[in-house]
There are 2 protein chains.
Amino acid sequence: MVNVKETLGGLEWSVKVADGSSRVLTPESGPLIRRVQLGLEGLVLKVWKFFKKAWDLGVEDPKKVIHCFKVGIALTLVSLFYYMRPLYQGVGGNAMWAVMTVVVVFEYSVGATLCKCLNRVIGTCLAGALAVGVHWIASRSGDRFEPIILGTSVFILASAATFSRFIPSVKARFDYGAMIFILTFSLVSVSGYRVDKLFDMAHQRLSTIAIGTSMCILISIVVCPIWAGEDLHILITRNMEKLANSLDGCVSNYFMECASSTDDEEDFHKKLQGYKCSLNSKATEESLANLARWEPAHGNFSFRHPWKQYLKVGTLIRSCAYCIEALNGCIGSENQAPEFIKNHFSDACLRLSTHTSSTMKELAVITKTMTKSSKIGFLVGEMNNAVQHLHKSLESLPANIPPAQSPSAESSETDKSTSTSTNNNTFAVPLMELLPIVTVASLLLEIAERVESVVDAVTELASMADFKTEKAEKKLKQKQAIVNNKHDKEQHQASQEELTMKALQQV
Amino acid sequence: MVNVKETLGGLEWSVKVADGSSRVLTPESGPLIRRVQLGLEGLVLKVWKFFKKAWDLGVEDPKKVIHCFKVGIALTLVSLFYYMRPLYQGVGGNAMWAVMTVVVVFEYSVGATLCKCLNRVIGTCLAGALAVGVHWIASRSGDRFEPIILGTSVFILASAATFSRFIPSVKARFDYGAMIFILTFSLVSVSGYRVDKLFDMAHQRLSTIAIGTSMCILISIVVCPIWAGEDLHILITRNMEKLANSLDGCVSNYFMECASSTDDEEDFHKKLQGYKCSLNSKATEESLANLARWEPAHGNFSFRHPWKQYLKVGTLIRSCAYCIEALNGCIGSENQAPEFIKNHFSDACLRLSTHTSSTMKELAVITKTMTKSSKIGFLVGEMNNAVQHLHKSLESLPANIPPAQSPSAESSETDKSTSTSTNNNTFAVPLMELLPIVTVASLLLEIAERVESVVDAVTELASMADFKTEKAEKKLKQKQAIVNNKHDKEQHQASQEELTMKALQQV
């Protein structure tokens, strides 16, 4: 008789044997199958997670997906040089250099692509010319010395070019060019030893590289261009906004603990941690500024846009972020000020943080819209007033605290201890309890000071990059409005006339 | 008559004309020659400065120079494959792939070279196999569809591989592999359309790449290897040391302004700014940790050395550095505490900073020597005692300040104001004046807290990486000492015997 019992793990088959006892049937290959099954499941899950992540990445930043398609298009197009016979015969077997150029040179931003293209062309030409010269000398010095001269020249030039890549100014702009220089020099000088038609080869290679680079430049500029300069511009403004939000959230969270209940908890936490983006953005900012210098004028940015000033602004933003980091540490520490002291400072601190963050937000708007603001002077003034207000609160603190409220006086001996402390002229509230709040105040003051230097840097940027004034902006808008209005009126008139005509016709 | 007058700028020639007046002789081509001269001088100066910089770079870090020679050697060696006829005929025109591999793959550290080599081999094999498959399918589908199938496959795979390079986990390890995948796939599938002997070509290319990569790996490991892991190890320990020195210098500079006079001014300033190195080292640390994972066991580091833990330690060090940044800001601000308050805190703050920095220095020693320390527990204890001491100083401040010394009481109405403040139970010293010193104290406390978490992380690292215990280290040293002693004794005996023999001979 066969029984089927349901167990925790699944079904279990048991057989009643002649002697009355029952034996559980376990398939012999069970554990192995189970293990394989588990392994497969794990693998599928991992692959699924990987694709999920990739999908999220694409959804989050569609620019990246566009870039991928651009690379695909460029590579497919360049492959035409192989497919079409006439072209193939024209550039010979060297057509692979066009493919290679596209793969290696096509970068995410226009600036990076231009930088690599120019580096590749210059490096190739320079190294090619040098290699031909060395080859000419070597070929004239006899069979015995030829390999020695070639080998020595490769050794010396490769070592020197490799070393040049360590020099910061070269690394920033010509790193790729130096590599291409080494590559081309060794290839040409070495293959020149065998190939007789050196100039023919050089001509072919240069033309294929030209095809590759021009295609890359064309596609990267024409099809949904991604500008390093614009990315830097956006990064800096976003960092300003995030910093302002963090400061706001952080201080209000400390003084009004209910603040987080209004927002979604997770969102609020994210906002608080926003300043961390600028803590580690130095490398990104520097590389973007380096690439932006290669880019032609685009959008509101001229060819000689002061990208270096963005780095200065970025550094100053970072110095504010360091203070917010320290502030976050103090706020998060276990040692907290008593409620009544918090209440005393709450108003002044909140006011200062609000004014500081709105100054920062205004700076973000100025940078974002590239329009000078008349408000910024007023906001800085308000911020400085708030600084004075906080100073006053700090000065007035002891006079405002009723001794009875001090925690040391909460014991049963209230009167006694108070009178003792009064007699000794000691402070009723130990300084220890003031520590966190005073630190918060002091860091807020420091942040306000640092934000003022950001204001200066942005003002400098505005004058360097010729930001529009608000008046010009308004005039432009008014003009546009008038033009639009006229256009609307004309359209309106036209439709009116049409209607009248139709009505007349119907009559 | 010709007169030579010396003027400020140099010599001046004047001619006395018949009418008695004199004319100054100025060469007509003067300004042009002068300009060219100036231009040339400027150029020479620039070139000189550039080479000076390069020389300093080389002197500062000889490893970089060694790396350059290594690249030169590898490239010259690989060129032999062209020079020697038999080999040239063996690998055919594809020998250029060996040169190219060396140029592209040879990186500064062993880890980076290994990473690129493996990426290149895996990427080439994978893409080659796929391309041959696609080519086989395409060649079977008629002349009309062949280019379409090939083009589509290039487009899809190139786009997908490009996108994969944006995924952080792929980017960290297989960025170069993805690029090589795209390159090989397009080249093979595209050139396969023309070249009949596809397998021959694949074989040749793989063998040349194998020659290039194995030469790179060999030279980078055998000739003065530069390990990314070791670099990371050194970077972290150096950051610890610099942080400790900065903290020490910064606090002692604040409390004892004479501190800077003992050291060389510039050196002292450099020491103060040392913490800034760790502020922006995140990117370097991450890339080094990524590369270190590819490296085989070397020195004291096993193959599976916990490099990730170094990143954790680095992050915690950075969080300390943020606080020091804020501290530096507060110390540098105009608003300074009066002397007598400074004196009150001086002892406690200096004690805390000294203990904190010596804990940090001990951590640096632990990490550097990879030896567990018995002292660290004691040092942390001392640091915590110093924290308590500072707490006490903060608590006792008001009781310790004689009212007469308070600045508000420095007016002529000293007694009156003091008695008033006593009656109102207000604090004799406005809190405003305490602000900087309290902030310094609070930040020092915060730094001590953060250093404790560095201690935990380093302890974790010590257990993960099986750091030696001091006992084992001592035993090892003792053994060595005994061996050395024995050796010395033997040598001594031998020389004594020799002397005796000589003496006997002389007798």
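Criteria and thresholds
Residues numbered from 1 in each chain as written. Chains lettered and ligands numbered in written order. Predicted model: local features only at pLDDT ≥ 70, side-chain atom pairs only at ≥ 80, totals over all residues. Heavy atoms only, no water. Helix = DSSP H or I, 4+ residues; strand = E, 2+ residues; numbered from the N terminus. Contact = heavy atoms within 4.5 Å. Areas by Shrake-Rupley, 256 points an atom, 1.4 Å probe, with all protein chains shown as cover. UniProt positions renumbered as here; feature names shortened; annotations may be inferred. Buried < 20%, exposed > 50% of the residue type's maximum accessible area, 1.4 Å probe, protein only. Phe/Tyr/Trp six-rings, centres within 6.5 Å; stacked < 30°, edge-to-face > 60°. Lys NZ or Arg CZ within 6 Å of the ring centre and 35° of its normal. Salt bridge = Lys/Arg side-chain N within 4 Å of Asp/Glu carboxyl O. Axes fitted to C-alpha atoms, helices over the stretch in contact; angles between N-to-C directions. Parallel < 35°, antiparallel > 145°, perpendicular 65-115°, else oblique. Nonpolar A, V, L, I, M, F, W, Y, C, P; charged D, E, K, R; others polar. Patch = residues over 30% accessible without salt bridge, like charges linked within 9 Å, V, L, I, M, F, W, Y side chains within 5 Å. Lys, Arg positive; Asp, Glu negative; His and termini not counted. Charge placed at Lys NZ, Arg CZ, Asp CG, Glu CD. Polar contact = N/O pair within 3.5 Å; in protein donor to acceptor, adjacent residues only side chain to side chain. pLDDT = per-residue confidence, 0-100.

> Can you break down the overall build of chain A residue by residue, with the values?
Secondary structure assignment for chain A yields 19 helices and three strands. Taking the contacts inside chain A whose residues are at least 6 apart along the sequence as the reference set, 78% of them involve residues at least 24 apart. For chain A, the computed accessible surface area is about 26,800 Å², with 60% contributed by carbon and sulfur atoms.

> For the UniProt feature "transmembrane region" (unreviewed entry) in chain A, give the residues involved together with the corresponding values.
All names here are of chain A. UniProt records the feature "transmembrane region" (unreviewed entry) for residues 65-83, 95-114, 121-138, 144-164, 176-195 and 207-228 in the present numbering. Within residues 144-164, the helical portion is 100% and the strand portion 0%, while the C-alpha atoms at the span's ends are 31 Å from each other. The span residues 207-228 is 77% helix and 0% strand, and its two end C-alpha atoms sit 28 Å from each other.

> I'd like to hear about the environment of L435(A), residue by residue, with values.
As for its position among the elements, L435(A) is in helix α18 (residues 431-464). L435(A) sits in the buried class, given a relative accessible area of 4%. With 48 residues separating them along the chain, L435(A) and V387(A) place their C-alpha atoms 19 Å apart. Apart from residues no more than four positions distant in its own chain, L435(A) is found in contact with L394(B), V438(B), S442(B) and L445(B).

> For the packing of aromatic side chains, give the residues involved together with the corresponding values.
Taken as a whole and assessed by the stated rule, the structure comprises 19 aromatic pairs over all chains. Between F166(A) and Y108(B), the aromatic rings sit 5.5 Å apart at their centres with planes inclined by 70°, giving edge-to-face as the arrangement. Of this pair, F166(A) sits in the loop between α6 (142-164) and α7 (168-191) while Y108(B) sits in the loop between α4 (96-105) and α5 (110-139), which puts the two residues in different chains. Taking the centre distance of 5.2 Å and the plane angle of 50° together, the rings of F301(B) and W307(B) count as tilted. Looking at F301(B), the relative accessible area reads 6%, which means it is buried. The class for W307(B) is buried, based on a relative accessible area of 3%. Counting every residue linked through ring pairs, the aromatic cluster contains Y108(A), F163(B) and F166(B). One Lys or Arg, K342(B), reaches over the ring of Y254(B) and ends 4.4 Å from the middle of that ring.

> Give a detailed account of α4(B), specifying residues and quantitative values.
The α-helix advances 3.6 residues per turn, and as a result positions three or four apart in sequence lie on the same side. The buried count for α4(B) comes to ten of ten residues, which makes it a mostly enclosed element. Turning to α4(B), its buried residues number three or more, namely M96(B), W97(B), A98(B), V99(B), M100(B), T101(B), V102(B), V103(B), V104(B) and V105(B).

> Explain the pattern of salt bridges residue by residue, including any values.
Counted under the stated rule, the structure contains 26 salt bridges over all chains. In this structure, E446(B) and R450(B) form a salt bridge, with 3.0 Å as the shortest nitrogen-oxygen distance. Pair noted here: E446(B) and R450(B) are both in helix α18 (residues 431-464), with a separation of four residues, about one helical turn. Classification of E446(B) by relative accessible area gives buried; the value is 8%. Shared partners join several salt bridges into a network, and the residues in it are E325(A), E446(B) and R450(B).

> Residues and numbers for the packing of helix α14 (residues 307-332) of chain A against α18(B), please.
In a pair of packed helices, the angle between the axes and the distance between the axes together describe the arrangement. Their axes nearest at 11 Å, the elements α14(A) and α18(B) cross at an angle of 80°. Here α14(A) is positioned roughly perpendicular relative to α18(B), judged by the angle of their axes. Between α14(A) and α18(B), the residues in contact are E325(A), A326(A), G329(A) and C330(A) and S442(B), L443(B), E446(B) and R450(B), respectively. The class makeup of the residues in the contact of α14(A) with α18(B) is three nonpolar, two polar and three charged.

> I'd like to hear about a negative patch on the surface, residue by residue, with values.
On the surface, a cluster of negative charge is made up of D264(A), E265(A), E266(A) and D267(A). Relative to the assigned elements, E266(A) resides in helix α11 (residues 265-272).

> Could you give an account of a nonpolar patch on the surface, naming the residues involved and the relevant values?
A cluster of nonpolar residues, L32(A), V36(A), L40(A), L43(A), V47(A), F50(A) and F51(A), forms a patch on the protein surface that exposes about 680 Å² of accessible area. Relative to the helices and strands, L40(A) resides in helix α1 (residues 30-60).

> Describe the side chain of T162(B), and please don't skip the residues or the numbers.
In this structure, T162(B) sits in helix α6 (residues 142-164). There is a polar contact of 2.6 Å between the side chain of T162(B) and the backbone oxygen of A158(B). Contacts of T162(B), omitting those with residues within four sequence positions, involve H67(A), C68(A), V71(A) and I182(B).

> Please provide a residue-by-residue account of the confidence of the model for chain A, values included.
Residues and elements named next belong to chain A. Across chain A, pLDDT averages 80, with 79% of residues at or above 70. Below pLDDT 50 for its whole length, residues 1-13 participates in 20 contacts with residues either more than four positions away or in separate chains. This stretch, residues 399-428, has a pLDDT under 50; its non-local contacts, to residues over four places away or in other chains, come to 38 contacts. For this predicted complex, the interface score ipTM comes out at 0.77, alongside a pTM of 0.79.

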